Structures are given as structure tokens and as C-alpha cells.
Amino acid sequence: MGISVDNTISVTFLIGSALAGAAGLLVGVYYNSVSPLMGMIPGLKAFVAAVFGGIGSIPGAMVGGLFIGIAETMVVAYGSSLYRDAIVYGILILVLIIKPAGLFGSTEREKV
């Protein structure tokens, strides 16, 4: 159709990287410190949300993020805040055991 897929992927990667850099700058200004690993935990939680919803499913990632946020809030409200990160990784383990494709993901057979 005349649209270069490679150029589209490159521009998308460029825009995403620029937005991530701008977000890192804003977080660094807010907390008055910057470190190379300051986005590690939020990045892992976003990955867990994507796996929970199904890799490649945007509505699934949204539902996964909402579920993880509610689960974290409930753990902090009714338990201890020390288990906030543990519940996220527990959800990841359960999803990978019960439904590896995620909530909205589909299982595809590998072509031989």
C-alpha cells in the first residue's frame, strides 16, 4: 500500500524512546535524583500487567494494570506494605501457570 513497515517501526520506537526519556526527566526533577535503575520496578510491573492481559492485547494490558493496581492497594490496605511487590510477582506466577497466554491472549500452535 506504499507504507514502509520498517520506517513505521523506527518512528514508533523513536517516539516511544523520546517519551520515556521525557518521563524519566520529569521523575528525576520531582525526586531530585536520577539513577540508572530508577524505573526498574515500574517497568517490571508494566510487564506483569502485559503478561496478565495477554501479550499484544492493549485492552488486556489495561485490564491487567487495573487488576494489579487494585491488588496492590488491597494488600497495603488490609495487610502489610512490605508485600506490595510480592503480590505482583505472585500474580505473574499464577497467570503463567494457569493461563500462559494471558487473560485476552490467544494460543497459537507453532507451524512445523
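For the structure given in this document, a descriptive report is provided here. (Residues numbered from 1 in each chain as written. Predicted model: local features only at pLDDT ≥ 70, side-chain atom pairs only at ≥ 80, totals over all residues. Heavy atoms only, no water.)

**Describing the side chain of Lys45**
Then comes step 1: When you line up the elements, Lys45 lands in helix H2 (residues 40-53).
Then comes step 2: For Lys45, the residues in contact, after removing those within four places along its chain, are Ile68, Glu72, Arg84, Asp85 and Val88. (Helix = DSSP H or I, 4+ residues; strand = E, 2+ residues; numbered from the N terminus. Contact = heavy atoms within 4.5 Å.)

**Looking at the environment of Met62**
Then comes step 1: Counting through the fold element by element, Met62 comes out in helix H3 (residues 58-78).
Then comes step 2: Its relative accessible area of 60% is what places Met62 among the exposed residues.
Then comes step 3: Along the primary structure Met62 and Ala50 are separated by 12 residues, whereas in three dimensions their C-alpha atoms are 7.9 Å apart. (Buried < 20%, exposed > 50% of the residue type's maximum accessible area, 1.4 Å probe, protein only.)

**Digging into the packing of H3 against helix H4 (residues 84-98)**
Then comes step 1: At a closest axis distance of 9 Å, the pairing of H3 and H4 adopts a crossing angle of 140°. It follows that H3 is oblique to H4 by the angle criterion. Crossing of H3 against H4: the hand is right-handed. In contact with Phe67, Ile68, Ala71, Glu72, Val75 and Val76 of H3, H4 contributes Arg84, Asp85, Ile87, Val88 and Ile91.
Then comes step 2: Classifying every residue of the contact of H3 with H4 by side-chain character gives 8 nonpolar, no polar and 3 charged. (Axes fitted to C-alpha atoms, helices over the stretch in contact; angles between N-to-C directions. Parallel < 35°, antiparallel > 145°, perpendicular 65-115°, else oblique. Left-handed = near helix turned anticlockwise from the far one by under 90°. Nonpolar A, V, L, I, M, F, W, Y, C, P; charged D, E, K, R; others polar.)

**Describing the environment of Val34**
Then comes step 1: Mapped onto the elements, Val34 comes out in the loop between helix H1 (5-31) and H2.
Then comes step 2: As a C-alpha pair, Val34 and Gly90 span 56 residues in sequence and 29 Å in three-dimensional space.

**A short note on H4**
Then comes step 1: In this model, H4 (15 residues) spans 22 Å end to end at C-alpha, consistent with the 21 Å of a helix rising 1.5 Å per residue.
Then comes step 2: Every buried residue of H4 is accounted for by Val88, Ile91, Leu92 and Val95. Here the buried residues of H4 occupy an arc of 100° about the axis, which is enough to place them on one side. Projecting away from the buried face of H4 at angles above 90 degrees are the exposed residues Ile93, Ile97 and Ile98. (Expected span 1.5 Å × (residues − 1). Arc of directions from axis to C-beta.)

**Observations regarding unusual backbone geometry**
Most peptide bonds take the trans configuration, and most residues that are not glycine carry a negative phi.
Then comes step 1: Backbone geometry at Asn32 places phi at a positive 60°, although glycine is not the residue there.
Then comes step 2: Residue position: Asn32 is located in the loop between H1 and H2.

**A word on the nonpolar core**
Then comes step 1: The biggest cluster of nonpolar side chains holds 10 residues, and these are Val48, Ala49, Val51, Phe52, Ile68, Ala71, Val88, Ile91, Leu92 and Val95.
Then comes step 2: Discounting residues that sit within four places of it in the chain, Val95 has contacts with Val51, Phe52, Pro100 and Gly102. (Core = buried A, V, L, I, M, F, W, Y, C linked by side-chain atoms within 4.5 Å.)

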